[in-house]
Amino acid sequence: VDQEIDTLQRACAADPSIVSLAGGLPACQLFPKAKIAASASRAVRRDGDRALQYDWPEGREGLREWISRRLAARGASVSKDDVIITSGAQQALSIAAHLLLGSAGGEPHRRASEGGVALDAETYPGALDIFKARGAVADDARRARCAYVMPAMSNPRGQVMSPAERAGLLSWAAQTGGAILEDDAYAELVFDGEPPAPLLAQDREHVFHVGTFSKTLCPGLRVGWLVMPPKMRALALERKRLVDLQTNGLTQSILEDFLAHDDFGQRLAAARRYYAQGAEALARALRRHLPEAEFNEPKGGFSIWVKLPGTGVDAELLAEAARHGVSFDPGSMFRVRSVARSESPIELRLSYSNEPPRKLDDGVRRLAAAWRGLARHRAH
Ligand SMILES: Cc1ncc(COP(=O)(O)O)c(C=O)c1O
């Protein structure tokens, strides 16, 4: 994490007058607070001995069953025993990376020179940190031993992998024995139709599949999952036990109760509608206030990836934006080679997920003023 950017973003997040197009946080309005409170109360009253006791590292059976049923509905025939409940998708990524690439900060089992991880040009910063900490970002994608991908819905671009790319990736794994780390975090938040089948549905030997309740329900529960190739299950469980023994038993119990009482399909439909409206409002605001901006409309998820003409310095634009009352995520956060303080093309991730649609227009208006102000200043 770039310290200057981090400090600026923390200051922006703490200031309620700033319109936040940063962070990619889910909308608090969608958190089912009363229902979670009811589930929490039931979990403690009816299931307290189990919920508050130690549990096995793989996590609660009912939750694993629920997840395997959902994956099966999308074409992946996995059983509850293939699923490990993790502390968010982040821990699932970290466990998979450990199995594939060795420990962070230590000597990777397989050195990056023998092939690290192939990544999209822009990718999820939390995963990037995991790979960087292992010195395992592949210099040459053709020699990578693992590919980290978000086929159903990418972050930051909000796009879907094409059938040709999917087929190419699967055949690369089959031919080279390379692993695919499939991050499905935003899959269920597609705007039109249903999410595509996960790659897991087509390959159980090479695909490590990661999912989460953070985007569809709420991140505070910290519940995600990992499905790994069957021969890696024992190693994955060993790693999970080593890191934290088990995922928080109380939140697992709350979630299991919540899912038993909730219409999750209806919940997803409402969330998709809400975020689709946000995406539309942000795109409209960009066309209105920043017609120079280039972007593709997202197919789902929380954000739009935007390119502005010319070059600039990420940290400078963010500081100027904060002075104008708006924040965003600079493009350098999503790249292997972060250049927060050097001149580079200006790309930004703008999130529509955590501000009501009516504030998005104002946010983009402020951003446009900051960008134009900075350009004028630099011209002199
Ligand atoms: C693509 C992607 N994967 C994983 C995560 C981590 O999610 P979790 O809250 O489940 O750890 C995020 C969170 O922003 C994400 O954007």
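Remember, predicted model here, so these are calculated numbers, not experimental data.

Regarding the site of the ligand
Piece 1. Around the ligand, the surrounding shell holds 13 residues, and the nearest of these are A89, D183, T212, S214 and K215.
Piece 2. Between the ligand and A89 there is a distance of 2.6 Å, counted from an oxygen atom to a backbone nitrogen or oxygen.
Piece 3. Separating an oxygen atom of the ligand from a side-chain N or O atom of Y186 is a distance of 3.1 Å.
Piece 4. Burial of the ligand by the protein chains amounts to 90% of its free accessible area of 400 Å².
Piece 5. Of all the elements, helix α4 (residues 88-101) adds the most residues to the shell around the ligand, at three residues.
Piece 6. A breakdown of the residues in the shell around the ligand according to their chemical character gives five nonpolar, five polar and three charged.

A closer look at the sheet that holds strand β6 (residues 207-212)
Within a sheet, each strand pairs with its neighbour through backbone hydrogen bonds, oriented either parallel or antiparallel.
Piece 1. Within the open sheet, the six strands sit side by side as β2-β7-β6-β5-β4-β3. Their pairing is mixed. Looking along the sheet, the strands with just one partner apiece sit at the ends: β2 (83-86) and β3 (117-118).
Piece 2. With four bridges joining them, strand β4 (residues 146-149) and strand β5 (residues 179-183) adopt parallel strand pairing. From the neighbouring strand, C146 faces β5, where its bridge partner is A179.
Piece 3. Packing against the sheet, helix α7 (residues 233-244) makes contact with β2 and β7 (224-227), and its axis sits at approximately 15° to β2.

Description of the pairing of β4
Piece 1. Of the two faces of β4, the one carrying C146 and Y148 and the one carrying A147 and V149 are both buried.
Piece 2. With two bridges connecting them, β3 and β4 associate as parallel partners. Counterpart to V117 in the pairing with β4 is C146.
Piece 3. A crossover links β3 with its parallel partner β4, the connecting element being helix α5 (residues 125-133), and its sense is left-handed.

Some words on the side chain of E58
Piece 1. Tracing the sequence through the fold places E58 in the loop between α2 (33-51) and α3 (61-73).
Piece 2. One buried charged residue, E58, remains without a salt bridge, the closest side chain of opposite sign being R64 at 4.4 Å.

Quick word on the pattern of salt bridges
Piece 1. Scanning the entire structure with this criterion turns up 29 salt bridges.
Piece 2. In this structure, R284 and E280 form a salt bridge, with 3.7 Å as the shortest nitrogen-oxygen distance. Here R284 and its partner E280 are both found in helix α9 (residues 264-289), four residues apart, which amounts to about one turn of the helix.
Piece 3. Here R288 and D361 are joined by a salt bridge, their closest N and O atoms 3.2 Å apart. Here R288, found in helix α9, pairs with D361, found in helix α11 (residues 357-379); they are 73 residues apart in sequence, far enough to count as distant.
Piece 4. Taking relative accessible area as the criterion, D361 reaches 24% and is therefore assigned partly exposed.

Here we look at the packing of aromatic side chains
Piece 1. Applying the stated criterion to the full structure yields nine aromatic pairs.
Piece 2. Where Y186 meets F302, the ring centres are 5.1 Å apart and the plane angle is 85°; that geometry is what we call edge-to-face. Taken together, the residues span a long stretch of sequence, with Y186 in the loop between β5 and β6 and F302 in the loop between β8 (294-295) and β9 (303-312) at a distance of 116 residues.
Piece 3. Taken together through their ring pairs, the aromatic side chains of W66, F213, W225 and F264 make up a single cluster.

What about the sheet that holds β8?
Piece 1. Sheet architecture is open: four strands sit in the order β8-β9-β12-β11, paired in antiparallel fashion. Edge positions in the open sheet fall to β8 and β11 (329-330), since each of these has one partner strand only.
Piece 2. In this structure, β11 lies alongside strand β12 (residues 344-351), joined through two bridges in antiparallel fashion. For P330, the partnering residue across the bridge sits in β12 and is L348.

Focus: α3
Residues that lie three or four places apart on an α-helix share one face, since the helix turns once every 3.6 residues.
Piece 1. Across its 13 residues, α3 extends 18 Å between first and last C-alpha, which sits within 8% of the 18 Å expected from 1.5 Å per residue.
Piece 2. When α3 is considered as a whole, its buried residues turn out to be L63, R64, W66, I67, S68 and L71.
Piece 3. Contact partners of the buried residues in α3: β2, β6, β7, α8 (249-261) and α9.
Piece 4. Of the residues trailing α3, G75 is marked for its positive phi of about 100°.

A closer look at the packing of α9 against α11
Piece 1. α11 packs onto α9 with a crossing angle of 35° between their chain directions and a minimal axis gap of 9 Å. α11 is crossed by α9, and the crossing has right-handed handedness. Residue-level inspection shows Y274, G278, A281, L282, A285, L286, R288 and H289 of α9 in contact with α11, the latter providing P357, L360, D361, V364, R365, A368 and R372.
Piece 2. Grouping the constituent residues of the contact of α9 with α11 by class yields nine nonpolar, two polar and four charged.

Scoring rules and cut-offs
Residue numbering note: each chain is counted from 1, following its sequence as written. For a predicted model such as this one, the threshold for reporting local features is a pLDDT of at least 70, and the threshold for listing and counting side-chain atom pairs is 80 or more; totals across whole chains, interfaces and linings nevertheless cover every residue. Calculation of side-chain values draws on the structure's entire complement of heavy atoms; hydrogens and water are dropped beforehand. Definition of nearness: a residue and a molecule or strand are near each other if at least one heavy atom of the residue lies within 4 Å of the molecule or strand. Between N or O atoms, a polar contact is any pair within 3.5 Å; within protein, one atom must be a potential hydrogen donor and the other a potential acceptor, and residues adjacent in sequence are included only when both atoms are from side chains. A 1.4 Å probe and the Shrake-Rupley method give the accessible areas. Residues count as covered only by the protein chains that appear here. To qualify as a helix, a DSSP run of H or I must reach at least 4 residues; to qualify as a strand, a run of E must reach at least 2; elements of each kind are numbered from the N terminus. Ten residues, namely Ala, Val, Leu, Ile, Met, Phe, Trp, Tyr, Cys and Pro, are considered nonpolar, four, namely Asp, Glu, Lys and Arg, are considered charged, and the remaining ones, Gly among them, are considered polar. A pair of strands counts as paired when DSSP detects no fewer than two bridges linking them. In this description, contact between two residues means that some pair of their heavy atoms is separated by no more than 4.5 Å. Fitting a line to C-alpha atoms yields each axis, with helices limited to the stretch in contact; the angle taken between N-to-C directions then spans 0 to 180 degrees. Categorising residues by exposure relies on relative accessible area from a 1.4 Å probe, with only protein chains included: less than 20% of the type maximum marks a residue as buried, more than 50% marks it as exposed, and the intermediate range marks it as partly exposed. Orient the strands so they point away from the viewer, and a crossover whose first-strand-to-second-strand path over the helix runs clockwise is right-handed. In this count, Lys and Arg are taken as positive residues and Asp and Glu as negative ones, while His and the chain termini are left out. For this document, the term salt bridge refers to a Lys or Arg side-chain nitrogen within 4 Å of an Asp or Glu carboxyl oxygen. Put simply, two rings from Phe, Tyr or Trp (the six-membered ring, in Trp's case) pair if the centres are within 6.5 Å, and we call them stacked under 30 degrees between planes, edge-to-face over 60, tilted for the rest. What a helix should span is 1.5 Å times the count of its residues minus one. Crossings are sorted by hand: turned counterclockwise from the far helix by less than a right angle, the near helix makes the crossing left-handed, and turned clockwise it makes it right-handed.

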